[in-house]
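Residues per chain are reported as follows:
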Amino acid sequence: MIDIIQGSTYAGDIDNLILFMGVVVGFWFFAAEIMFFWLIWKYRAKDGQKSRYLTGRERHVKRWITWPHGLVLVCDIFIVWASILVWMDVKQTLPEADHTIRITGQQWAWTFQHPGADNELDTADDIFTVGELHIEVDKNYHFKLESRDVVHSFSVPIFRIKQDAVPGRSITGWFNATVMGEYDIQCAEICGIGHGVMAARISIEDANQHAAWVAANSVSTTP
Amino acid sequence: MSDTAVAVQHDERHAHDDHHHGPQGILKYLWSTDHKVIAMQYLFTGMFMAVIGGFMAYVFRMQLAFPGISVPGFGQVSPGEYNALVTNHGTIMIFWVAMPVLIAAFGNYLIPLMIGADDMVFPKINRLSFQIFLLSALILLASLFVQGGGFGGAWTAYPPLSAVGEYNQTELGSSLWLIAVALEFVAFLLGGINFITTLMNARAPGMKAYDIPLVAWMIVIASILFMLSVGPLIAGAVMLLFDQTLGTGFYDPARGGDPILWQHLFWFFGHPEVYVVLLPAIGITIDIIATFSRKKVFGYKMMLYTAVATGVLSFFVWAHHQFVAGIDPRMANVFTVTTLLISVPIAELLFVIIATLYGGSIRLTTPMLWALAFMAEFLLGGVTGIFLGASGADIYFHDTYFVLAHFHYTFFPIAIIGSFAAFTYWFPKMFGKMMDERLGKIHFWGTVIPFNFIFIPLFVLGMGGQHRRIYNYQHFPELASAEMYNLREMATYALLVMLAFQLVFFFNCIKSWMNGKAAGRNPWQSNTLEWTTESPPPHGNWPVDEMPNVYRGPYEYAHPDREEDYWPQNEPS
Amino acid sequence: MKPIATTRSATGVPTGRLAVWWLLASEVVIFGGLLGSYLMMRLGHPEWADAAMHTNTWLGATNTFVLLTSSFTAVLAHQAAEKGDGKKAAGLLVLTIGGALTFLAIKSFEWYTEISHGYTITANNFWSFYYTAAGLHALHVIAGAIIMGFIAWDAFRGKELQRVELIGIYWHFVDVVWIFLFPLLYIAK
């Protein structure tokens, strides 16, 4: 198994959802496969032994279909409920932003617009970078995701977040990083010949490091 | 009314004459309207395209395992070529392998025989369907060699990438690709009309709806599903073609167009399409399992109704492909519900097939091994779909190799295992000779075992965050670990092994066709009507005065009133 | 010669008629997809009304009348075919084809005028949909007229009279599509 760290406040929720589904689905998968192989073995052709004539109305056999059938439906309901909870948290609710950034995809690079020292986006002191996103740990970030040309997709595996960038739209999402360090940003929608080089890095810094970075890069308008 | 009676006699006498007057010589193979010849044309074209699609997989998997390598038989793979390879691999396998083999070839071959008819009801339109299909294949192949190269925007062809030449840099290839796909749709629309009306109307006297073998039903239900779902995509494809060639802006946001419109039109068809290919594979599987378990299908009507239910439900799940695409997030919850619901009828179908094994007398012939392998492997494909249909988990899994492994664990059983099952089962009927069982089993194990070693590593890579359609992971430190490269290598070596074993299949085909034991009419002791005539059947399928009548259902195995453990449909009580 | 399969009818409905209805089902989804897309986009872009002002409602209405009349002659042709009068059926089918040609002539004039005023297929998305939808429809008119010609030729010689009904059903469908197109493209202003 490949271990991939949980780097955001919702990464653990998504992982737990996947684990929960793994258990439920895994149970059904193994039960069905074991039953399947057992039946093949038990009813293999034997000399002189004829097969049974079953019409499908025999209750004692039908039970083996209708009961699992019902149980599958019940399991589905639990999975749907768990999934909707996670989805709503990640995609339908926006906790209040500590910082807002703009992310722009284009053929073939990610550009990032960070608010400057004034913590306001679209002001003169904003910090523009190509291929590297700098954020502070344990803070709520809103991102406004845009594209200059084709459909791209902003993906940060350690956060578990993914959102397509559609030209003509500005799509808002959020994350809150819980670990520090440098990690991969991917483009997760084929965008042409350079799709494979459209990598970026997210640098998650503590309060001091991040403040220092902002100060060093932000063009202040106040003397 | 008397006109019709005279017409019938007249036709039957002429049909008898026609046994000697169909096209002769080489023309017989190029211009025939005989459904069996047309079936062979589809089968061989599909098999040829499978070799091409398989070669493409070989090339890009070599690049993925050994980045930068000069691939034997191809050379170095540029990023643009890589994209064209993965795009056309997917497109070819779905539209030029799975559909022509499972639906057009076996549908054409089996439906008239299984319902006791001498041909399809529209033989000339049947021939036209194949000709259009062949043209579509040629255009698709041509698209790979034009200036700029083949289209590389994935089989999903999302605009604006697919619409604008500056973005995709394969302007000519993109349009040819699109035209090829559109023509393939037209070919299957025409073919579908033939299958549906033939099944509805041309049945042998005495054959009621519930006496039709399930594989014939499944192919027809699939055809109906195709016909009712492809329309919006044809409209969308016309719009995309105009964007590409005339400079319209249907999908251009700068002109008030919407890229996501294409996605809806594509997936509204794209999702039912997977059931269009699944249902025939399930039909093939259940017919083979019934024959080699010597058992009546446990729940014929249940299978029929759940197949229809699956088809209907499949119209309501499409946006699970678009959870993170920019659709209204509230819609995602609706599609999670519908998508998980569709697992219920599919589970039902699989449970009924498993229940058919109960109480059986199971013979593990080569076709039976393939049919059983379909079940075992498809189960994994099916359950991994749950992770993707649940929107919360799909946030992570979307566009990763988890998706890819999921759909290969569904498509490979459908298109490859299902095709081999059908081919090995009906080979004796089609060619009059038995295939070599030992070679068949070697080919079987040499295909199925490596298959798992290709795609389980890909599941693991997907869970590790590896995203799709990337020609080289060198730029992603988290994906460039030794562990991940080892998994990529393992998958590629397994593919090489699997491809090597396909030579056994080709050898078996030729050896059996030339030297195989004579098959006789009914080597498998099956009940359905195709086994009552000669192997191979003559033009017209039966002599005019021996057209079968039907007295019972297709799965009366081990009936208590019989000494024999099978009871052909055409035997009077 | 035709296979025995063509002489059977397990459902009681002639096979040709079944085939035409299934064909129409697939066509309905094609046009439905196109017009549905148009509708969604139109609702999202109220400014398209400015472009829509420039479609010629009178010519559109005339064409509607022409198609409806041609559907009527197609019905009469079917009646004649039912009675076995191949020559009369052929004549009425020729009138129907005449209606098709009139429709196409009016449409050509319409499009010529619009294009020379700069309302081309790339002018804006309203016009893109306009030409695509009406164009796809016109292709179906042309295809239908050609097939109708062959059927009329056979009918004139007393052959395959059952096909007169079938091309008639197809023709009514072409008419119905126009009945949807007309308000969507010409009346909604």
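This is a predicted model, so every value here is computed, not measured. (Residues numbered from 1 in each chain as written. Chains lettered and ligands numbered in written order. Predicted model: local features only at pLDDT ≥ 70, side-chain atom pairs only at ≥ 80, totals over all residues. Heavy atoms only, no water.)

Moving on to the overall build of chain B. The number of helices and strands found in chain B is 17 helices and 2 strands. For a compact globule of 573 residues, the expected C-alpha radius of gyration is about 25 Å, and chain B comes in at 24 Å, within 12% of that figure. Viewed in the frame of its principal axes, chain B has a C-alpha envelope of about 70 × 50 × 50 Å. In chain B, the share of contacts with a sequence separation of at least 24, taken over all contacts with a separation of at least 6, comes to 79%. Summed over all atoms, the accessible surface of chain B reaches about 18100 Å², with 68% contributed by carbon and sulfur. Where the 27 positive side-chain charges of chain B centre and where its 38 negative ones centre are 6 Å apart. (Helix = DSSP H or I, 4+ residues; strand = E, 2+ residues; numbered from the N terminus. Rg over C-alpha atoms; globule rule 2.2 N^0.38 Å. Contact = heavy atoms within 4.5 Å. Areas by Shrake-Rupley, 256 points an atom, 1.4 Å probe, with all protein chains shown as cover. Lys, Arg positive; Asp, Glu negative; His and termini not counted. Charge placed at Lys NZ, Arg CZ, Asp CG, Glu CD.)

Once that is clear, we can look at the overall build of chain A. In terms of regular secondary structure, chain A is built from 3 helices and 10 strands. Reading chain A from its N terminus to its C terminus gives the helix and strand order α-α-β-β-β-β-β-β-β-β-β-β-α. Here chain A has a C-alpha radius of gyration of 26 Å; the compact-globule value for 223 residues is 17 Å, and the former is much larger. Taken over the C-alpha atoms alone, chain A extends approximately 100 × 35 × 30 Å along its principal axes. Every one of the 223 residues in chain A was classed for burial, and the buried ones make up 53%. When contacts within chain A are restricted to residue pairs at least 6 apart in sequence, long-range pairs at least 24 apart make up 67% of them. For chain A, the distance from the average site of its 18 positive side-chain charges to the average site of its 26 negative ones is 25 Å. (Buried < 20%, exposed > 50% of the residue type's maximum accessible area, 1.4 Å probe, protein only.)

On the surface, Arg57, Arg59, Lys62 and Arg63 of chain A together with Lys301 of chain B cluster together into a patch of positive charge. Considering each element in turn, the positive patch owes the most residues, 3 residues, to helix 2 (residues 59-92) of chain A. Within the secondary structure, Lys62 of chain A is located in helix 2. (Patch = residues over 30% accessible without salt bridge, like charges linked within 9 Å, V, L, I, M, F, W, Y side chains within 5 Å. Salt bridge = Lys/Arg side-chain N within 4 Å of Asp/Glu carboxyl O.)

A few words on the interface of chain A and chain B. One frequent convention defines the size of an interface as the accessible area lost when the parts assemble. Between chain A and chain B, the contact holds 85 residues from the first and 95 residues from the second. Both sides of the chain A and chain B interface together cover about 7700 Å² of buried area, and 69% of this is carbon and sulfur. Taken together, the connections running from chain A to chain B amount to 2 salt bridges. Residue Glu189 of chain A is joined to Arg469 of chain B by a salt bridge in which the shortest nitrogen-to-oxygen separation is 3.9 Å. The tally of links from chain A across to chain B stands at 27 residue pairs in polar contact (both at pLDDT 80 or more). (Buried area = accessible area lost by both parts, 1.4 Å probe. Polar contact = N/O pair within 3.5 Å; in protein donor to acceptor, adjacent residues only side chain to side chain.)

Residue and element names in this part refer to chain A. As assigned here, chain A comprises domain 1 (11-92) and domain 2 (99-221). Placing a centre on the C-alpha atoms of domain 1 and another on those of domain 2 gives a separation of 42 Å. Counting each side, the surface lost to burial between domain 1 and domain 2 is near 520 Å², with a carbon and sulfur contribution of 46%. Broken down residue by residue, the surface that domain 1 buries against domain 2 is led by Ala11, Val90 and Lys91, which jointly contribute 62%. There are 1 salt bridge connecting domain 1 and domain 2. On the surface where domain 1 and domain 2 come into contact, there are 5 residue pairs in polar contact (both at pLDDT 80 or more). Residue composition of the side of domain 1 that touches domain 2, by class: 3 nonpolar, no polar and 3 charged. (Domains from an automatic or database assignment. Nonpolar A, V, L, I, M, F, W, Y, C, P; charged D, E, K, R; others polar.)

What follows concerns the sheet that holds strand 10 (residues 200-205) of chain A. All names here are of chain A. Read from one edge of the open sheet, 5 strands run 4-10-9-6-7, paired in mixed fashion. Only two strands of the sheet have a single partner each, and these edge strands are strand 4 (132-136) and strand 7 (161-165). Strand-to-strand twist in this sheet, taken as the mean axis angle between neighbours without regard to direction, amounts to 25°. Here strand 4 runs beside strand 10; their pairing, made up of 5 bridges, is parallel. Opposite Glu136, over in strand 10, you have Glu205 as the bridge partner. The strands touched by helix 3 (residues 207-217) are strand 4 and strand 10; relative to strand 4, the strand with the most contacts, the crossing angle is about 130°. (Pairing = 2+ DSSP bridges. Axes fitted to C-alpha atoms, helices over the stretch in contact; angles between N-to-C directions.)

Moving on: the pairing of strand 1 (residues 99-106) of chain A. Residue and element names in this part refer to chain A. Of all the 8 residues making up strand 1, 6 are buried; the element is thus mostly covered by neighbouring parts of the structure. Pairing geometry for strand 1 and strand 5 (residues 140-147), over 7 bridges, is parallel. Counted as the bridge partner of Thr100 is His142 from strand 5. Here strand 1 pairs with strand 2 (residues 109-114) via 5 bridges, running antiparallel.

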